[in-house]
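# Structure at a glance
So you can see what is in the structure, the chains are spelled out below.
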Amino acid sequence: MLTPDKKLLLIGQVTDLSGIPIRTIRYYESLGLINSSRRTEGGFRQFSLNVLTRLAFIKRAQNLGLSLEEIRNILQVYDQGQAPCGEIKEKLEDKVLQIDQQIDQLLTLRSEIQGLLSGWKNISDHHKDTICPIIQNKTYSRS
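Our subject in this report is the structure included herewith. Counting from 1, residues in each chain are numbered in the order their sequence is written. Selection of residues for local features in this predicted model requires a pLDDT of at least 70, selection of side-chain atom pairs for listing and counting requires 80 or more, and totals for whole chains, interfaces and linings are taken over all residues. Only hydrogens and water are removed before side-chain values are computed, so all heavy atoms of the structure are retained for them.

Take the nonpolar core next. Core analysis: the biggest nonpolar cluster contains 18 residues, and Val14, Ile25, Ile34, Phe47, Leu55, Ile58 and Ile71 have the highest contact counts within it. Here a strand is any run of E in DSSP of at least two residues, a helix any run of H or I of at least four, and the numbering for each starts at the N terminus. Of all the secondary structure elements, the ones that give two or more residues to this core are α1 (11-18), α2 (22-31), α3 (50-63) and α4 (68-79). Here this core takes four residues from α3, the largest share from any one element. Excluding residues within four positions of it along the chain, Ile25 makes contact with Ile11, Val14, Thr15, Ser18, Ile20, Ile34, Phe47 and Leu55. Only buried residues count toward a nonpolar core, which is a set of Ala, Val, Leu, Ile, Met, Phe, Trp, Tyr and Cys residues joined through side-chain atoms within 4.5 Å. Note on classification: 1.4 Å probe, protein chains only; a residue is buried when its accessible area is under 20% of the maximum for its type, exposed when over 50%, partly exposed between these limits. Between two residues, a contact is recorded if the distance between any of their heavy atoms is within 4.5 Å.

With 14 residues, α3 should cover 20 Å at 1.5 Å per step; its first-to-last C-alpha distance of 20 Å lies within 8% of that length. Burial in α3 covers these residues: Val51, Arg54, Leu55, Ile58 and Ala61. The buried residues of α3 occupy one face: seen down the axis, they fall within an arc of 130°. Exposed and oriented more than 90 degrees from the buried face of α3 are Thr53, Arg60 and Asn63. Along its buried surface, α3 packs onto α1, α2, β3 (45-48) and α4. Each helix should span, by expectation, one fewer than its residue count multiplied by 1.5 Å. By definition, the arc is the one covered by directions from the helix axis to the C-beta atoms.

Another point: the pattern of salt bridges. Oppositely charged side chains may form a pair once their charged atoms are brought near each other. Each reported salt bridge corresponds to a side-chain nitrogen of Lys or Arg within 4 Å of a carboxyl oxygen of Asp or Glu. Applying the stated criterion across every chain yields a total of five salt bridges. When the shortest N-O distance is used, the salt bridge between Glu29 and Arg45 registers 2.5 Å. With Glu29 in helix α2 and Arg45 in strand β3, the pair connects residues that are 16 residues apart, well separated along the chain. Like Glu29, the residue Arg45 is buried in the burial classification. For the salt bridge of Glu70 with Lys95, the shortest nitrogen-to-oxygen distance reads 3.7 Å. Remark: Lys95 occurs in helix α5 (residues 85-118) and Glu70 occurs in helix α4; sequence separation between them is 25 residues. Its relative accessible area of 17% is what places Glu70 among the buried residues. With relative accessibility at 14%, the residue Lys95 sits in the buried group.

Every axis corresponds to a line fitted to the C-alpha atoms, with the helix fit spanning only the stretch in contact, and the corresponding angles, defined between N-to-C directions, vary from 0 to 180 degrees. Remark: α3 packs on α4, axes separated minimally by 10 Å, with the N-to-C direction vectors making an angle of 140°. Compared by their axis directions, α3 and α4 come out oblique. Relative to α4, α3 is oriented so that their crossing is right-handed. Note on element contacts: α4 touches α3 through Leu68, Ile71, Ile74, Leu75, Tyr78 and Asp79, opposite Arg54, Phe57, Ile58, Ala61 and Gln62. Tallied by class, the residues present in the contact of α3 with α4 amount to eight nonpolar, one polar and two charged. We call two directions roughly parallel when the angle between them is under 35 degrees, roughly antiparallel when it is over 145, roughly perpendicular when it lies between 65 and 115, and oblique otherwise. Crossings are sorted by hand: turned counterclockwise from the far helix by less than a right angle, the near helix makes the crossing left-handed, and turned clockwise it makes it right-handed. Gly counts as polar in this scheme, as do all residues outside two lists: the nonpolar Ala, Val, Leu, Ile, Met, Phe, Trp, Tyr, Cys and Pro, and the charged Asp, Glu, Lys and Arg.

For a regular strand, side-chain orientation follows a simple rule: the groups alternate between the two sheet faces. The rule for pairing is simple: two strands pair if DSSP sees at least two bridges between them. Here strand β1 (residues 8-10) runs beside β3; their pairing, made up of three bridges, is antiparallel. Its bridge partner being in β3, Leu8 is matched across the sheet by Ser48. Sheet topology places strand β2 (residues 38-39) next to β3; two bridges connect them, and they run antiparallel. Bridge pairing in β3 links Arg38 to Gln46.

So, to be careful, I would describe these as geometric facts and stop short of saying anything about function.
Below is the structure:
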C-alpha cells in the first residue's frame, strides 16, 4: 500500500469513507478548510483521520445554510484551540431570521398569485403591447 503510516489516508480513501468527491476535497483544501498532512514520495496527498470529522462538519454546516466562508471562519476559531459554538449559535440565529424573512416574502408572493388567480378570466381582447393582461394589468397586482 502507498500509505506507510496506517493512520494516514490517501485522498481516494477519504472519498470512499466520506462520500465526498475528490474534486470537492481538493477544493476544500484550496480554501483552507482541510489540510493534507503530507504527501507520499509519489506526490499523493495523505490526510489524518480527523479530516473525516472536519468533512462531516463542513457538510452538516452547509446543509444548515452556512457558507464556506462562514465555515472557514468557524474552523479557524476551532484550529486556534477555542470552541466555536458561540459563533455557530450566532450564525444559526441569523439563518433563522433570514428564513423567517424568506417565509414572509413567499407568503406575500403566494397571496399575490392567489389574487391574480382569483381574478382570472379569459380575456378575448389581446393587445399587441401586452403578453398577458392578467399579469400586466395593475388592477390585478397587489404590489
